[in-house]
Amino acid sequence: MISAALPLLIDVALAWLGVESLWLVLRGRRIDLLGGQCAGLLLLAGLRLAVGSAAPVWVLLCLAGALPAHLADLHARRARRRDGDGAL
């Protein structure tokens with residue numbers, strides 16, 4: 001049984017992630033930092049859809065979209081480390 005508070009907590013986390021992403025962009029942070037943000041957003045969206053009893057295809061699409069975002073984030077981190085710019 002899923003607690004009634006769980007969807008609200010996921011919504012708060014999604015909102016916080018959106019605000020944080022906007023803050024990073026407005027501060028002029030490198031765009032490659034958004035790869036991890038995008039992956040987290042898609043995973044949380046998939047969780048929210050699953051908790052809300054959405055059609056499985058929407059959950060699957062969120063999870064499938066999170067994989068390339070994670071891979072892009074890993075590639076960007078590896079490139080920064082190779083260039084001597086350090087990891088996050």
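The following refers to the structure shown. Since the model is a prediction, treat every value here as computed from it, not as a measurement. (Residues numbered from 1 in each chain as written. Predicted model: local features only at pLDDT ≥ 70, side-chain atom pairs only at ≥ 80, totals over all residues. Heavy atoms only, no water.)

**Examining the overall build of the chain**
- Across its full length, the chain holds 3 helices and 0 strands.
- Secondary structure elements of the chain, listed N to C terminal, follow the sequence α-α-α.
- Expressed as a percentage of its 88 residues, the buried residues of the chain come to 23%.
- Entry remark: accessible area of the chain is about 6200 Å², with carbon and sulfur atoms responsible for 70%. (Helix = DSSP H or I, 4+ residues; strand = E, 2+ residues; numbered from the N terminus. Buried < 20%, exposed > 50% of the residue type's maximum accessible area, 1.4 Å probe, protein only. Areas by Shrake-Rupley, 256 points an atom, 1.4 Å probe, with all protein chains shown as cover.)

**Here we look at the side chain of S21**
- Note on placement: S21 falls in helix α1 (residues 5-26).
- On the basis of relative accessible area, S21 is assigned to the buried category, the value being 18%.

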